[in-house]
Amino acid sequence: MARRVGARTVYETPRAAPRPGETVVTSTCGHNCGGRCVVNAHVRDGRIVRISTDTRKWTPEMPPLHACVRGFGQVERVNHPDRLLHPLRRVGPRGSGKFERVGWDEALHEVARQMRRVRDAYGPAAILDCSRTGSLSMLHSRATVQRLLHMFGGCTELWTNISSQAEVFAVGITYGAKADYKSSGREPIDYINSRLIVMWGWSPGDGTFGTGTQQYLKWAKRQGVRIVCVDPRVTRTSRDLADEHVFIRPSTDAAALIAMAYVIASEGLQDQAYLDRHVLGFDEPHLPPGAPRGASYRSYLMGEADGIRKTPEWASQITGIPAETIRRLAIEFATAKPAAIHCGYAPGRTIHGEQFHRAAYALAAMTGNVGVPGGNSGTSNGATGRYGIRSLPVGANPAGARVASPLLADLLERGRAGGYPADIRMIYSAAGDLFNQLPNVGKTIAAAERLEFMVVHDHFMTPTARYADIVLPATTFWERNDVHTPWAGAGHYAIFMKKAIEPVGECRNDLDICADLAARLGLQGYSDRTEEEWLRELTRDAIDDFEAFRECGLARLPAPEDAVAFAREIRDPERHPFSTPSGKIEIYSMALAANPDPCGLGIIPPIPTWIPDDADPRHADARHPLRLVTPKSRARTHSIHDNQPILMRADRDDVWIHPADAAARGISDGQSVRVFNDRGATVLPARVTDRIAPGVVSIKEGAWFTPDASGQDTRGCSNVLIADRASPAGAAPFNTCFVDVTPAPSPSPRETADRTSP
């Protein structure tokens, strides 16, 4: 493999030499997949014929970037017979899937005309940007549409991070405004420095969470690191790595963490010297001036304000974890120094998800584990971030209209009458499938009937594209040049995504589509650079030899000074304070004390707090007694790849149900079942397994919404069941959901064929 050494960066060629008659091009999947791996396209006669990956053996010092099954599945995707090849115009009822072919000039003329009409008649906020993360690379991404709409006068934007908004918010509140969640964790090379790793709702064996993360965890386990997993399911990670698995009821995680903090505080196991120096709000002497008496975290734990001591017994009734297990895990975490808690996003995708993350960060701070080798802040990302590589600038949104992403269905249905900035008349969507991926699909598509116009860029006729008026065929990442950075902010590298083939059919990349529209709309300066000039500009602060980067494909950037985030702040707090108002880790948030409703979505207490809601057993709905979780599929990236039958064999779609719950309902393994609540229903096979907690079921998210004549989903689209509401910080409540399951009528042969061929 070729290697060049620049002044700061090592350039590698992570591909084998081409065979006669082929070229080999290095890239990486541009999707929101959890990894950022090497995928090499082998091209013959202008067609990708196979995919390979980095061939080296794994070493912790210089790990190869091995692709997962989805990376190898890219050959099926780029050559898929259902690729959109020409612009299309709707000719049937919205959602019918009836379209006719039109030319690019006609399609873009209509899009530009409708943009002007809607803006001039209703104002820019009547246009909703529904783009998202189907492409996350630095140049060709949703930023192309954001830049266009902002230059056009603005739009309504869906502002929250659908996957991790609770963590994004909690990191900023606890560690400071300058703390980015993608660089607030630790590098995987540090895993072996822990004595204990608690993996809370985090399964890189299923969701990847950074290329090579699972290999680093296996390496740490071989070195004697103890691993405990807390999850409603025995995941692949837990099955392969855990010394102990702790089942927990979904959406109750904050209560368990708060009870662990109670044990540590009541038994005097906290690192008081660390708290005194680095932390605000653990106890009364370390509250900010003006804070009310009894406002500290310790006072809350001891029940001094509400009369409820947050004991393991208290938490056990809520979480289903035995009190003795909570007590034992708390003592072990406080005494097995250094210990690291790694939190996934899933427990934060709940109706008060920010409280889970804040409680985890408080536990890490109480035990003196933030900013030290072998410890962790409580996030599961890395400490590198993007290393100064930037994305296409989008500018400010002149309309200033913002709505939390989980509220899409309600926004479309109620508009101004519901207190939203505007009645949405037009949707613009690129690199996204939000009709399928946001809560309450049935409500979304019903409300979409009121739209006056909708345009979608995509590769396939996705559930979202089916409801468009104009569908524009976009290029895949194989048909353009781009740059990408590590998904989890760990690993300090970048990949040049070199163009492998010419665009198929009449496909065009998103940047060129938007530049053409900008010209038709009379907008100056949308794009004054070529593709290469843009990539040079976006990488100039990190890449010292662009030609070597483009030729080789992989840039190994220098390792960060510290493998653990916030090490500098802990070493030298006087010179390098945290970017919080107090300059310390804030268990008690001064920002929330000053403004308890920062997002306009509900009050957030200044300390981590258990807030009873649907998840509390006392609030249970007898009609829908089972708690639903919606984990990731190894065969999909959210909804991407769901139309690839070969790839879908890697992780079948089914509903996991505990044997006791299945027996009570007369359900057998493999039987077709109906999962339902008041919002909708879906049908898929049952998997009866003791790898899921009693009272819990799971459906892997991302299956394409495929309704039958009655409107019932037939392919396991979990989001027909989720409520369209948001946590006070804007998090989506995918894992605060109650359902029931019953045997489904036997499908007809036609329905069976449809279900196996999305």
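Since the structure is predicted, the reported quantities are computational estimates derived from the model, not experimental observations.

Enquirer: So what's going on with the overall build of the chain? Residues and values would help.
Expert: Helix and strand counts for the chain come out as 24 helices and 28 strands. Here the C-alpha atoms of the chain give a radius of gyration of 25 Å, agreeing with the 27 Å that 2.2 N^0.38 yields for 758 residues. Viewed in the frame of its principal axes, the chain has a C-alpha envelope of about 70 × 65 × 50 Å. The buried share of the chain, taken over its 758 residues, is 62%. Taking all contacts inside the chain whose residues are at least 6 apart in sequence as the whole, residues at least 24 apart take part in 74%. When the accessible surface of the chain is summed, it comes to about 26500 Å², and 51% of that surface belongs to carbon and sulfur atoms. One way to put it: in the chain the 89 positive side-chain charges average out to a point 2 Å from where the 86 negative ones average out.

Enquirer: Would you mind going over the pairing of strand β4 (residues 39-44) in detail, with residue names and values included?
Expert: The element β4 is largely enclosed, with a buried count of 5 among its 6 residues. In the sheet, strand β3 (residues 23-27) pairs with β4 via 5 bridges, with the strands oriented antiparallel. Bridge pairing in β4 places Thr23 opposite Val43. Here 5 bridges tie β4 to strand β5 (residues 47-52), and the two strands are oriented antiparallel to one another.

Enquirer: Tell me about the pattern of salt bridges, and name the residues and values.
Expert: If the charged atoms of two oppositely charged side chains come close together, the side chains can form a pair. Under the criterion given, the structure shown has 56 salt bridges. For Asp120, the salt bridge identified is with Arg119, shortest N-O distance 3.1 Å. Arg540 is paired through a salt bridge with Asp541; the nearest N and O atoms lie 3.4 Å apart. Judged by its relative accessible area of 43%, Asp541 is partly exposed. In the salt-bridge network here, residues are joined through shared partners; they are Asp206, Arg634, Asp651, Arg652, Asp654 and Lys700.

Enquirer: Would you mind going over helix α18 (residues 510-520) in detail, with residue names and values included?
Expert: All buried positions along α18 are accounted for by Asp510, Leu511, Ile513, Cys514, Asp516, Leu517 and Ala518. Taken together, the buried residues of α18 touch α3 (104-122), α4 (143-151), β16 (426-430), β17 (453-458), β18 (470-473) and α19 (531-539). The residue sitting at the N-terminus of α18 and contributing the capping side-chain oxygen is Asn509; that oxygen lies 3.1 Å from the backbone nitrogen of Leu511. The first or second residue beyond α18 is Gly522, which carries a positive phi of 75°.

Enquirer: For the environment of Glu551, give the residues involved together with the corresponding values.
Expert: Inspection of the secondary structure puts Glu551 in helix α20 (residues 546-552). Classification of Glu551 by relative accessible area gives partly exposed; the value is 42%. Counting along the chain gives 526 residues from Glu551 to Val25, while the straight-line C-alpha distance between them is 9.4 Å.

Enquirer: Lay out the sheet that holds β4 with the relevant residues and their values.
Expert: The sheet built from 3 strands is open, its strands ordered β3-β4-β5 with antiparallel pairing. For this open sheet the edge positions go to β3 and β5, each flanked by a neighbour on one side alone. Shown here is a sheet whose adjacent strand axes are inclined to one another by a mean of 30°, direction ignored.

Enquirer: Now, about helix α12 (residues 312-319): what can you tell me, with residues and values included?
Expert: Of all 8 residues in α12, 6 are buried, a share of seventy percent or more. On its buried face, α12 sits against α9 (253-266) and α13 (323-335). Following α12 by one or two positions, Gly320 adopts a phi angle in the positive range, close to 85°.

Enquirer: Give a description of the packing of α9 against α12 that names residues and reports values.
Expert: The geometry of α9 relative to α12 is characterised by a closest axis approach of 9 Å and an angle of 170° between their N-to-C directions. Classified by the angle their axes make, α9 and α12 are roughly antiparallel. Between α9 and α12, the residues in contact are Ala255, Ala256, Ile258, Ala259, Tyr262 and Val263 and Pro312, Trp314, Ala315, Ile318 and Thr319, respectively. Residues that form the contact of α9 with α12 fall into these classes: 10 nonpolar, 1 polar and no charged.

Enquirer: So what's going on with the packing of aromatic side chains? Residues and values would help.
Expert: Any two aromatic rings considered together are summarised by their centre-to-centre distance and by the angle between their planes. One pass over the structure, following the stated rule, counts 18 aromatic pairs. Relative to Tyr361, the ring of Tyr175 lies with its centre 5.4 Å away and its plane at 40°, an arrangement referred to as tilted. Taken as a pair, Tyr175 in helix α5 (residues 165-175) and Tyr361 in helix α14 (residues 353-366) lie far apart in primary sequence, 186 residues in all. For Tyr175, a relative accessible area of 1% puts it in the buried group. Ring centres of Tyr216 and Trp219 lie 6.1 Å apart, and the angle between their planes is 70°; on these two criteria the pair is classed as edge-to-face.

Enquirer: I'd like to hear about the packing of α12 against α13, residue by residue, with values.
Expert: Where α12 meets α13, the axes come as close as 8 Å, and the angle between the chain directions of the two elements is 120°. Considering the angle they form, α12 stands oblique to α13. Between α12 and α13 lies a crossing whose hand is right-handed. Between α12 and α13, the contacting residues are Pro312, Glu313, Ala315, Ser316 and Thr319 on the first element and Ala323, Ile326 and Arg327 on the second. Of the residues contributing to the contact of α12 with α13, the split by class is 4 nonpolar, 2 polar and 2 charged.

Enquirer: An account of the side chain of Asp129 is needed here, citing residue identities and associated values.
Expert: Relative to the assigned elements, Asp129 resides in strand β8 (residues 127-129). On the basis of relative accessible area, Asp129 is assigned to the buried category, the value being 0%. Discounting residues that sit within four places of it in the chain, Asp129 has contacts with Arg142, Val145, Gln146, Leu149, Cys155, Thr156, Leu158 and Tyr428.

Enquirer: Help me get a handle on unusual backbone geometry, residues and values and all.
Expert: With an omega dihedral of -10°, the bond running from Lys337 to Pro338 counts as a cis peptide bond. When you line up the elements, Pro338 lands in the loop between α13 and β14 (339-343). Even without being a glycine, Tyr387 presents a positive backbone phi close to 60°. Of note in this structure, Ala431 is not a glycine but carries a positive phi near 55°.

Enquirer: Can you tell me about the environment of Gly172, naming the residues and giving the values?
Expert: Structurally, the position occupied by Gly172 is in helix α5. Taking relative accessible area as the criterion, Gly172 reaches 27% and is therefore assigned partly exposed. When the C-alpha atoms of Gly172 and Arg568 are compared, they prove to be 17 Å apart, with 396 residues separating the residues in sequence.

Enquirer: Give me the lowdown on the side chain of His638, citing residues and values where you can.
Expert: Here His638 shows up in the loop between β23 (626-629) and β24 (655-657). A distance of 3.1 Å separates the side chain of His638 from the side chain of Glu701, its partner in a polar contact. Look past the residues within four positions of His638 in its chain and what remains in contact with it is Asn32, Ser163, Gln437, Lys632, Glu701 and Gly702.

Enquirer: So, the sheet that holds β16: which residues are in play, and what are the values?
Expert: Strands pair in a sheet through their backbones, by hydrogen bonds, and they do so in one of two ways: parallel or antiparallel. Across the sheet, which stays open at both edges, the 8 strands sit in the order β7-β6-β18-β17-β16-β8-β9-β15 with mixed pairing between neighbours. On the outer flanks of this sheet lie β7 (99-101) and β15 (401-403), each paired with one strand and no other. For this sheet, the mean inter-axis angle between neighbouring strands, taken without regard to orientation, is 20°. Sheet topology places β8 next to strand β9 (residues 156-158); 2 bridges connect them, and they run parallel. Along β9, the bridge assignment pairs Leu128 with Thr156. The strands that α18 touches are β16, β17 and β18; relative to β16, the one it contacts most, it runs at about 145°.

Enquirer: Quick one: what's the story with the confidence of the model for the chain, residue by residue and with numbers?
Expert: Looking at the chain as a whole, its pLDDT mean stands at 95, while 97% of the residues score no less than 70. Below pLDDT 50 for its whole length, residues 1-7 participates in 21 contacts with residues either more than four positions away or in separate chains. Below a pLDDT of 50 lies the segment residues 749-758, which in the model reaches 10 contacts outside its immediate sequence neighbourhood of four places, other chains included.

Reading guide: rules and limits
- Residues numbered from 1 in each chain as written.
- Predicted model: local features only at pLDDT ≥ 70, side-chain atom pairs only at ≥ 80, totals over all residues.
- Heavy atoms only, no water.
- Helix = DSSP H or I, 4+ residues; strand = E, 2+ residues; numbered from the N terminus.
- Rg over C-alpha atoms; globule rule 2.2 N^0.38 Å.
- Buried < 20%, exposed > 50% of the residue type's maximum accessible area, 1.4 Å probe, protein only.
- Contact = heavy atoms within 4.5 Å.
- Areas by Shrake-Rupley, 256 points an atom, 1.4 Å probe, with all protein chains shown as cover.
- Lys, Arg positive; Asp, Glu negative; His and termini not counted.
- Charge placed at Lys NZ, Arg CZ, Asp CG, Glu CD.
- Pairing = 2+ DSSP bridges.
- Salt bridge = Lys/Arg side-chain N within 4 Å of Asp/Glu carboxyl O.
- Polar contact = N/O pair within 3.5 Å; in protein donor to acceptor, adjacent residues only side chain to side chain.
- Axes fitted to C-alpha atoms, helices over the stretch in contact; angles between N-to-C directions.
- Parallel < 35°, antiparallel > 145°, perpendicular 65-115°, else oblique.
- Nonpolar A, V, L, I, M, F, W, Y, C, P; charged D, E, K, R; others polar.
- Phe/Tyr/Trp six-rings, centres within 6.5 Å; stacked < 30°, edge-to-face > 60°.
- Left-handed = near helix turned anticlockwise from the far one by under 90°.
- pLDDT = per-residue confidence, 0-100.

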